[in-house]
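# Descriptive structure summary
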Amino acid sequence: MPLSKITLDKEYTLSNTTVNGEHFYQIKNFLDPTLKQSMIADVDAFKQEGSGEYETVYGNTDMNMHQVARFQTPTWQHYFNTITDAVSKVAGQRVTMLASWSATAYESTSLVNWWHKHDSDYALVYYLQNFDPAMGTVWRPEEVDDEEFMILGYENSISFFTSDWSHDGTFPKWKTDEFLREHPRYVLAAEFILV
(Lines give C-alpha, C1' and ligand atoms only; values in the text may rest on other atoms or scores of the structure.)
Protein backbone atom coordinates (compact mmCIF):
# COMPACT_ATOMS: atom_id res chain seq x y z
CA MET A 1 0.00 0.00 0.00
CA PRO A 2 1.73 3.23 -1.09
CA LEU A 3 2.05 5.97 1.51
CA SER A 4 2.21 9.71 1.03
CA LYS A 5 1.97 12.76 3.25
CA ILE A 6 -0.54 15.58 3.31
CA THR A 7 -0.18 18.74 5.35
CA LEU A 8 -3.22 20.28 7.01
CA ASP A 9 -2.94 21.64 10.55
CA LYS A 10 -0.02 19.16 10.83
CA GLU A 11 1.58 16.59 8.57
CA TYR A 12 -0.42 13.36 8.19
CA THR A 13 0.62 10.03 6.68
CA LEU A 14 -1.93 8.96 4.10
CA SER A 15 -2.54 5.36 3.03
CA ASN A 16 -4.03 5.01 -0.45
CA THR A 17 -5.52 1.82 -1.85
CA THR A 18 -7.23 1.48 -5.24
CA VAL A 19 -9.47 -1.49 -6.05
CA ASN A 20 -11.12 -1.63 -9.50
CA GLY A 21 -10.89 2.14 -9.86
CA GLU A 22 -12.35 2.91 -6.43
CA HIS A 23 -10.08 4.83 -4.04
CA PHE A 24 -9.78 4.26 -0.30
CA TYR A 25 -7.71 6.56 1.89
CA GLN A 26 -6.86 6.28 5.56
CA ILE A 27 -5.14 8.56 8.07
CA LYS A 28 -4.26 7.13 11.47
CA ASN A 29 -3.70 9.14 14.68
CA PHE A 30 -6.04 11.79 13.40
CA LEU A 31 -7.02 13.82 16.49
CA ASP A 32 -5.49 14.52 19.86
CA PRO A 33 -6.52 11.38 21.84
CA THR A 34 -7.34 13.47 24.92
CA LEU A 35 -10.45 14.74 23.05
CA LYS A 36 -12.02 11.28 22.81
CA GLN A 37 -14.07 11.25 26.04
CA SER A 38 -15.53 14.75 25.58
CA MET A 39 -16.47 13.93 21.96
CA ILE A 40 -18.16 10.70 23.09
CA ALA A 41 -20.10 12.64 25.74
CA ASP A 42 -21.27 15.13 23.10
CA VAL A 43 -22.38 12.31 20.79
CA ASP A 44 -24.24 10.58 23.64
CA ALA A 45 -26.09 13.79 24.51
CA PHE A 46 -26.98 14.49 20.87
CA LYS A 47 -28.06 10.92 20.25
CA GLN A 48 -30.75 11.29 22.90
CA GLU A 49 -32.37 14.15 20.99
CA GLY A 50 -33.69 11.95 18.19
CA SER A 51 -33.54 8.53 16.66
CA GLY A 52 -31.97 9.73 13.43
CA GLU A 53 -33.11 9.30 9.87
CA TYR A 54 -32.29 5.58 9.79
CA GLU A 55 -34.07 4.10 12.78
CA THR A 56 -32.91 0.59 11.89
CA VAL A 57 -29.29 1.64 12.43
CA TYR A 58 -28.90 1.59 16.18
CA GLY A 59 -27.64 4.80 17.76
CA ASN A 60 -27.65 7.09 14.74
CA THR A 61 -28.07 10.80 15.23
CA ASP A 62 -29.69 13.14 12.77
CA MET A 63 -27.65 13.79 9.62
CA ASN A 64 -26.75 17.44 10.35
CA MET A 65 -24.28 17.31 13.24
CA HIS A 66 -22.10 20.01 11.68
CA GLN A 67 -25.04 22.46 11.82
CA VAL A 68 -26.13 21.80 15.42
CA ALA A 69 -25.20 24.34 18.13
CA ARG A 70 -23.66 21.68 20.41
CA PHE A 71 -21.08 20.94 17.71
CA GLN A 72 -19.92 24.53 17.16
CA THR A 73 -17.19 24.25 19.81
CA PRO A 74 -13.51 24.63 18.87
CA THR A 75 -12.99 20.84 19.13
CA TRP A 76 -15.83 20.00 16.76
CA GLN A 77 -15.09 22.84 14.35
CA HIS A 78 -11.49 21.63 14.17
CA TYR A 79 -12.75 18.10 13.42
CA PHE A 80 -15.19 19.23 10.69
CA ASN A 81 -12.67 21.63 9.09
CA THR A 82 -9.86 19.08 9.13
CA ILE A 83 -11.87 16.26 7.56
CA THR A 84 -13.11 18.66 4.88
CA ASP A 85 -9.55 19.87 4.21
CA ALA A 86 -8.25 16.29 4.02
CA VAL A 87 -10.84 15.23 1.45
CA SER A 88 -10.30 18.46 -0.54
CA LYS A 89 -6.54 17.96 -0.62
CA VAL A 90 -6.79 14.34 -1.77
CA ALA A 91 -9.54 15.13 -4.31
CA GLY A 92 -7.45 17.95 -5.74
CA GLN A 93 -10.32 20.41 -5.51
CA ARG A 94 -12.58 21.95 -2.91
CA VAL A 95 -15.36 19.85 -1.40
CA THR A 96 -18.32 20.81 0.72
CA MET A 97 -19.89 18.73 3.48
CA LEU A 98 -23.41 17.55 2.71
CA ALA A 99 -24.13 15.60 5.87
CA SER A 100 -22.51 14.42 9.09
CA TRP A 101 -23.78 12.04 11.75
CA SER A 102 -22.78 9.47 14.33
CA ALA A 103 -23.50 5.76 14.29
CA THR A 104 -22.81 4.10 17.60
CA ALA A 105 -23.10 0.43 18.44
CA TYR A 106 -23.89 -0.71 21.97
CA GLU A 107 -25.50 -3.92 23.04
CA SER A 108 -28.48 -4.45 20.80
CA THR A 109 -30.41 -7.31 19.32
CA SER A 110 -31.32 -5.06 16.37
CA LEU A 111 -27.84 -5.02 14.79
CA VAL A 112 -28.23 -6.44 11.31
CA ASN A 113 -26.37 -5.94 8.07
CA TRP A 114 -27.28 -2.64 6.46
CA TRP A 115 -25.66 -2.51 3.05
CA HIS A 116 -25.75 1.00 1.65
CA LYS A 117 -24.14 3.52 -0.70
CA HIS A 118 -23.75 7.26 -0.36
CA ASP A 119 -25.22 9.73 -2.81
CA SER A 120 -22.09 11.89 -2.77
CA ASP A 121 -18.64 12.08 -4.33
CA TYR A 122 -16.83 11.04 -1.14
CA ALA A 123 -17.89 9.51 2.16
CA LEU A 124 -15.85 9.46 5.35
CA VAL A 125 -15.79 7.42 8.54
CA TYR A 126 -13.98 8.47 11.71
CA TYR A 127 -13.47 5.68 14.23
CA LEU A 128 -13.76 7.71 17.43
CA GLN A 129 -13.82 4.58 19.59
CA ASN A 130 -13.30 1.13 18.12
CA PHE A 131 -11.82 -1.59 20.33
CA ASP A 132 -11.01 -3.97 17.48
CA PRO A 133 -9.80 -2.80 14.04
CA ALA A 134 -11.56 -5.84 12.56
CA MET A 135 -14.77 -3.91 13.26
CA GLY A 136 -14.08 -1.76 10.21
CA THR A 137 -15.96 -1.44 6.93
CA VAL A 138 -16.67 -4.27 4.52
CA TRP A 139 -17.15 -3.56 0.79
CA ARG A 140 -19.05 -5.35 -1.95
CA PRO A 141 -17.91 -4.43 -5.48
CA GLU A 142 -20.79 -3.51 -7.78
CA GLU A 143 -20.11 -6.09 -10.45
CA VAL A 144 -19.40 -9.06 -8.13
CA ASP A 145 -22.13 -9.88 -5.61
CA ASP A 146 -20.35 -12.72 -3.83
CA GLU A 147 -17.00 -10.99 -3.21
CA GLU A 148 -16.22 -8.68 -0.34
CA PHE A 149 -13.15 -7.00 1.12
CA MET A 150 -12.55 -5.03 4.28
CA ILE A 151 -10.81 -1.83 5.33
CA LEU A 152 -9.68 -2.07 8.98
CA GLY A 153 -11.17 0.48 11.36
CA TYR A 154 -8.34 1.70 13.58
CA GLU A 155 -9.45 3.81 16.51
CA ASN A 156 -8.68 7.52 15.98
CA SER A 157 -8.39 7.08 12.22
CA ILE A 158 -10.40 8.40 9.31
CA SER A 159 -11.16 6.40 6.19
CA PHE A 160 -12.64 8.13 3.19
CA PHE A 161 -13.53 6.82 -0.19
CA THR A 162 -15.34 7.32 -3.46
CA SER A 163 -18.82 6.16 -2.61
CA ASP A 164 -20.05 4.01 -5.50
CA TRP A 165 -19.92 0.58 -3.83
CA SER A 166 -22.21 -1.00 -1.26
CA HIS A 167 -20.63 -1.24 2.17
CA ASP A 168 -21.47 -1.89 5.80
CA GLY A 169 -19.86 -1.76 9.22
CA THR A 170 -18.58 -5.05 10.58
CA PHE A 171 -19.49 -6.42 14.00
CA PRO A 172 -18.55 -9.56 15.90
CA LYS A 173 -20.75 -12.53 15.01
CA TRP A 174 -20.28 -14.32 18.33
CA LYS A 175 -21.72 -12.90 21.58
CA THR A 176 -22.33 -9.55 19.89
CA ASP A 177 -24.28 -8.07 22.81
CA GLU A 178 -21.63 -8.98 25.38
CA PHE A 179 -18.82 -7.63 23.20
CA LEU A 180 -20.55 -4.31 22.46
CA ARG A 181 -21.65 -3.89 26.09
CA GLU A 182 -17.98 -3.98 27.09
CA HIS A 183 -16.62 -2.25 23.98
CA PRO A 184 -19.14 0.19 22.46
CA ARG A 185 -18.20 1.43 19.01
CA TYR A 186 -18.45 5.15 18.20
CA VAL A 187 -18.22 6.08 14.54
CA LEU A 188 -18.69 9.51 12.95
CA ALA A 189 -19.54 9.74 9.28
CA ALA A 190 -19.76 12.49 6.68
CA GLU A 191 -20.57 12.95 3.00
CA PHE A 192 -18.89 15.41 0.64
CA ILE A 193 -19.46 16.68 -2.90
CA LEU A 194 -16.94 18.30 -5.21
CA VAL A 195 -17.44 22.07 -5.60
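Everything discussed here concerns the structure shown above.
Because the structure is a prediction, the values reported are computed rather than measured.

## Some thoughts on the overall build of the chain
- Looking only at helices and strands, the chain has three helices and ten strands in total.
- For the chain, the succession of helices and strands along the chain, N to C, is β-β-β-α-α-β-β-β-β-β-β-α-β.
- The burial tally for the chain puts 47% of its 195 residues in the buried class.
- Considering only residue pairs separated by 6 or more positions, the chain has 72% of its internal contacts joining residues 24 or more positions apart.
- Counting every atom, the chain has about 9,800 Å² of accessible surface; 49% of that belongs to carbon and sulfur.

## Side note on the packing of aromatic side chains
- Within the structure shown, the criterion is met by nine aromatic pairs.
- Here Phe24 and Phe161 contribute two aromatic rings whose centre-to-centre distance is 6.5 Å and whose plane-to-plane angle is 35 degrees, an arrangement assigned as tilted. Of the two residues, Phe24 sits in strand β3 (residues 22-27) while Phe161 sits in strand β8 (residues 158-162), which places them 137 residues apart along the sequence. Considered together, Phe24 and Phe161 belong to a single accessibility category, that of buried residues.

## Remarks on the environment of Glu191
- For Glu191, the position within the fold is in strand β10 (residues 185-194).
- Relative accessible area serves as the criterion here: at 13%, Glu191 is assigned to the buried category.
- Sequence separation of Glu191 and Leu124 is 67 residues, and the distance between their C-alpha atoms is 6.3 Å.
- Once you skip the residues sitting within four places of it in the chain, Glu191 turns out to touch Thr96, Met97, Leu98, Ala99, Trp101, His118, Asp119, Ser120, Tyr122 and Ala123.
- Reaching out from Glu191, the side chain makes a polar contact with the side chain of His118 at a distance of 2.7 Å.

## Observations concerning the packing of helix α1 (residues 36-47) against helix α2 (residues 74-91)
- Viewed as axis vectors pointing N to C, α1 and α2 meet at an angle of 95 degrees, and their least axial separation amounts to 11 Å. When the interaxial angle is binned, α1 and α2 end up roughly perpendicular. Facing α1, whose interface residues are Met39, Asp42 and Val43, α2 presents Thr75, Trp76 and Tyr79.

## Here's the deal with the pairing of β8
- Along β8, five of the five residues are buried, which leaves the element largely enclosed by surrounding structure.
- Relative to β8, β3 is paired through four bridges, and the arrangement is antiparallel. The residue of β8 that forms the bridge with Phe24 is Phe161.
- The pairing of strand β5 (residues 122-129) with β8 spans five bridges and is antiparallel. Its bridge partner lying in β8, Leu124 is registered against Phe160.

## What about the nonpolar core?
- If you look at the biggest cluster of nonpolar residues, it comprises 32 residues, and the most contacted ones within it are Tyr79, Ile83 and Tyr126.
- Sorting the residues of this core by element identifies β2 (11-19), β3, α1, α2, β4 (95-105), β5, β8 and β10 as the ones contributing at least two each.
- Looking at this core, the element that brings in the most residues is α2, giving six residues.
- Ile151, Phe161, Trp165 and Val187 belong to the second-largest nonpolar core, a separate cluster that totals nine residues.

Conventions adopted
Residues numbered from 1 in each chain as written. Predicted model: local features only at pLDDT ≥ 70, side-chain atom pairs only at ≥ 80, totals over all residues. Heavy atoms only, no water. Helix = DSSP H or I, 4+ residues; strand = E, 2+ residues; numbered from the N terminus. Buried < 20%, exposed > 50% of the residue type's maximum accessible area, 1.4 Å probe, protein only. Contact = heavy atoms within 4.5 Å. Areas by Shrake-Rupley, 256 points an atom, 1.4 Å probe, with all protein chains shown as cover. Phe/Tyr/Trp six-rings, centres within 6.5 Å; stacked < 30°, edge-to-face > 60°. Polar contact = N/O pair within 3.5 Å; in protein donor to acceptor, adjacent residues only side chain to side chain. Axes fitted to C-alpha atoms, helices over the stretch in contact; angles between N-to-C directions. Parallel < 35°, antiparallel > 145°, perpendicular 65-115°, else oblique. Pairing = 2+ DSSP bridges. Core = buried A, V, L, I, M, F, W, Y, C linked by side-chain atoms within 4.5 Å.

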